[in-house]
Amino acid sequence: MASASKAARIGEEVWKSRVDKVNAELVTLTYGTIVAQLCKDYESDYVEVNKQLEKMGYNIGLRLIEDYLAKSNTMRRCTNFKETADMISKVGFKIFLNITPTITNWTSDSKQFSLIFDENPLADFVELPDDGRAQDELWYSNIFCGVLRGALEMAQMQVEAHFISDILRGNDSTEMRITLIRYIDDEMPMEDD
Amino acid sequence: MASSQPIKSPMGSQSQNQRSSQQGLKYPSNGKTIYHRPLNRSRTQELSQASFAYLFGEMVSYAQKRVTGIQDLEKRLNNQGHPIGLKLLDLLLYREPARSQTRPLHIIALLQFITTTLWRHLFSRPADALEKSSNPDTPEEYMISDNEPLVNQYISVPKEMNQLNCAAYVAGIVEGCCDGAGFPAKVTAHSVGKGEEGELWPGKTVFLVKFQDEVVEREAFLGR
């Protein structure tokens, strides 16, 4: 609990004082045009669109972690995955998107949790195509999964993330599952002598 | 049209209705759709500039993999901006105070709307200049300058591609706005931050707005 409120404080503080901001709609519309272009390029093969979005997110995550570390000024490793979850929601999502998704549904081994997005700026103004398939196949915000995978990989955690429900699909909530697969060991340089 | 079509039996139309209700979009059980969401809610909301830069960077590098040349790439970015311009025209007019909630009817009014209202909304400041081409042979050309386009802030263009200006995306938005207002135009982005002026504003970009001939003709007819 202590780590959660501390994370919330850091996130709030960084968002207020250390983040250059732009109009939210510029970001929302830009993301929308990216997804629309992918749907066009892959001729509405939404499974492939999901993959591409995840890939783009992964590329972003690899670079975003550095920005995150610099801004949040957290020099210390999280002591456990629960603390990592707090930092993702209350610092990570806060400083980049000004939202703090709810952390819930932990498994008993503390390796898997859900993020529930009450607010999702990427999905403002969005309605999926009424083609009878998009609502079953497309995960509109799938870029988030890639961002988490990329960013956490750089912080030596191999995770798997996927959406299990989305308001855009007609579900009652937007929920992402995140699973810790393993901590990646530091690769020690070969001994010289 | 309708009278020339064979009259459908009631049964036929019923089954069609059923099918369409099955195919329609699904909504959350609380019934909330985007149409229930106030259009002004995100008007003043902010996100981090970093998230825009990451998305835009990915958009450009994705586009780059699928094109054969710089022109092609700019065309693609322009195409991605176009639908945004179309939508912003309506959205921003809707948000204007009732008194000025009219569509621009003249070139100048439209361009002023773009350089102030649209620019302010997207980039939190007006464009730096709006000029009409001084060349008498090209009365259809106007230029909007931005000394430091926000979209290019985190884009570094490799030397061998120095013709490229990723603000083609913004050019697309402007073009969409012009097309939507009934002033069809072609808009392109050009880097002009070279030479003397470049020392102050190396990223300076001019958006060349080239209206179609009929627009200029109409304008002349209207006596402006």
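- Going by the annotation in an unreviewed UniProt entry, the name recorded for chain B is Trafficking protein particle complex subunit, with Hymenoscyphus albidus given as the source organism.
- UniProt lists a comment for chain B under the heading Function (unreviewed entry), and it reads "Plays a key role in the late stages of endoplasmic reticulum to Golgi traffic."
- In UniProt, chain B has this text filed under Subunit (unreviewed entry): "Part of the multisubunit TRAPP (transport protein particle) complex."

- For chain A, an unreviewed UniProt entry supplies the name Trafficking protein particle complex subunit BET3 and the organism Hymenoscyphus albidus.
- Under the UniProt heading Sequence similarities (unreviewed entry), the entry covering chain A gives this text: "Belongs to the TRAPP small subunits family. BET3 subfamily."

### As for the packing of helix H4 (residues 81–97) of chain A against helix H6 (residues 143–154) of chain A
Residues and elements named next belong to chain A.
So, point 1. Interaxial distance between H4 and H6 falls to 13 Å at its minimum, and their mutual angle equals 120 degrees. The two elements H4 and H6 meet at a crossing, and its hand is right-handed. Here H4 contributes Thr84, Ile88, Phe93 and Leu97 to the contact with H6, which in turn contributes Phe144, Leu148 and Leu152.
So, point 2. Within the contact of H4 with H6, the residues separate by chemical class into 6 nonpolar, 1 polar and no charged.

### Things to note about the packing of aromatic side chains
So, point 1. If you walk through the whole model with that rule in mind, you get 16 aromatic pairs over all chains.
So, point 2. Sitting above the plane of the Phe125 of chain A ring, Arg37 of chain B keeps its charged end 5.9 Å from the centroid.
So, point 3. Stacked on the ring of Tyr42 of chain A, the Lys or Arg Arg66 of chain B has its end atom at 5.0 Å from the ring centre.

### Describing the side chain of Thr84 of chain A
Residues and elements named next belong to chain A.
So, point 1. When you line up the elements, Thr84 lands in helix H4.
So, point 2. Note on Thr84: relative accessible area 4%, which makes it buried.
So, point 3. Not counting residues within four places of it along the chain, the set of residues in contact with Thr84 comprises Cys78, Leu152 and Met157.

### A word on the sheet that holds strand S4 (residues 185–191) of chain B
Residues and elements named next belong to chain B.
So, point 1. Spatially, S2-S3-S5-S4 is the arrangement adopted by the 4 strands of the open sheet, whose pairing is antiparallel. The open sheet is flanked by strand S2 (129–132) and S4, the only strands paired with a single partner. Across the sheet, the axes of successive neighbouring strands diverge by a mean angle of 20 degrees, strand direction being ignored.
So, point 2. For strand S3 (residues 141–146) and strand S5 (residues 205–211), the ladder comprises 6 bridges, and the chain directions are antiparallel. From the neighbouring strand, Met143 faces S5, where its bridge partner is Leu208.

### Things to note about helix H2 (residues 24–41) of chain A
Residue and element names in this part refer to chain A.
So, point 1. Its 18 residues place the ends of H2 26 Å apart at the C-alpha level, agreeing with the 26 Å of an ideal helix rising 1.5 Å per residue.
So, point 2. N-capping of H2 is provided by Asn23, with a side-chain oxygen placed 2.6 Å from the backbone N of Glu25.
So, point 3. A positive backbone phi angle near 45 degrees is found at Glu43, which sits one or two residues after H2.

### As for the nonpolar core
So, point 1. If you look at the biggest cluster of nonpolar residues, it comprises 115 residues, and the most contacted ones within it are Ile114, Val209 and Phe211 of chain B.
So, point 2. If near-sequence neighbours (up to four positions away) are discounted, Val209 of chain B is found in contact with Leu111, Glu140, Glu141, Tyr142, Ile144, Val174, Cys178, Ala185, Lys186 and Val187 of chain B.

### Concerning unusual backbone geometry
So, point 1. Its identity as a non-glycine residue notwithstanding, Glu43 of chain A has a phi of 45 degrees, on the positive side.
So, point 2. Checked against the element boundaries, Glu43 of chain A lands in the loop between H2 and helix H3 (46–72).

### Concerning the pairing of strand S5 (residues 175–183) of chain A
Residue and element names in this part refer to chain A.
So, point 1. Bridging between strand S3 (residues 112–116) and S5 involves 5 bridges; their strand directions are antiparallel. For Gln112, the partnering residue across the bridge sits in S5 and is Thr179.
So, point 2. With 8 bridges joining them, strand S4 (residues 157–165) and S5 adopt antiparallel strand pairing. Bridged to Phe163 within S5 is Met176.

### A few points about the sheet that holds S4 of chain A
What links the strands of a sheet is backbone hydrogen bonding, and the strands pair in either a parallel or an antiparallel sense.
Residues and elements named next belong to chain A.
So, point 1. Taking strand neighbours across the sheet as the criterion, the 4 strands line up as S2-S3-S5-S4 in an open arrangement whose pairing is antiparallel. Here the strands that pair on one side only, and so sit at the sheet edges, are strand S2 (102–104) and S4. Going from strand to strand, the sheet's axes swing by 25 degrees on average, the running direction of each strand aside.
So, point 2. Here H4 sits on the sheet and contacts S2, S3, S4 and S5; the angle it forms with S3, its principal contact strand, is near 20 degrees.
So, point 3. Across the face of the sheet, H6 comes into contact with S3, S4 and S5 while running at roughly 165 degrees to S4.

Cut-offs applied
- Each residue is numbered by its place in its chain's sequence as written, counting from 1.
- Here the convention is simple: chains get letters from A, ligands get numbers from 1, in the order in which they are written.
- In keeping with the model being predicted, local features are shown solely for residues with a pLDDT of at least 70 and side-chain atom pairs are shown and tallied solely at 80 or more, while totals for entire chains, interfaces and linings include all residues.
- With hydrogens and water excluded, all non-hydrogen atoms of the structure serve as input to the side-chain values.
- UniProt positions are given in the numbering used here, feature names are shortened, and annotations may be inferred rather than shown by experiment.
- Only the stretch in contact is used when a helix axis is fitted, and all axes are lines through C-alpha atoms; the angle between N-to-C directions ranges over 0 to 180 degrees.
- Labels follow the DSSP assignment, with helices taken as runs of H or I lasting at least four residues and strands as runs of E lasting at least two, numbered in each case from the N terminus.
- Handedness of a helix crossing follows the sense of rotation of the near helix relative to the far helix, less than a right angle counterclockwise being left-handed and clockwise being right-handed.
- Whether two residues are in contact is decided by their heavy atoms: any pair within 4.5 Å suffices.
- Here the term charged refers only to Asp, Glu, Lys and Arg, the term nonpolar to Ala, Val, Leu, Ile, Met, Phe, Trp, Tyr, Cys and Pro, and the term polar to all other amino acids, Gly among them.
- Centres within 6.5 Å are what make two rings of Phe, Tyr or Trp a pair, Trp counting through its six-membered ring; a difference in plane orientation under 30 degrees is then read as stacked, over 60 as edge-to-face, and the rest as tilted.
- Only Lys NZ and Arg CZ are tested; either one counts as a charge over a ring when it is within 6 Å of the ring centre and within 35 degrees of the ring normal.
- To sort residues, take the accessible area from a 1.4 Å probe on protein chains only and compare it with the maximum for the residue type: under 20% means buried, over 50% means exposed, and anything in between is partly exposed.
- Pairs of strands are assigned from DSSP output, requiring at least two bridges between the strands.
- Take the residue count of a helix, subtract one, and multiply by 1.5 Å to get its expected span.
- We call two N or O atoms a polar contact when they sit within 3.5 Å, provided that within protein one can donate a hydrogen and the other can accept it, with sequence-adjacent residues counted only if both atoms are side-chain atoms.
- Nonpolar cores are built from buried Ala, Val, Leu, Ile, Met, Phe, Trp, Tyr and Cys residues. Side-chain atoms within 4.5 Å join them into one set.

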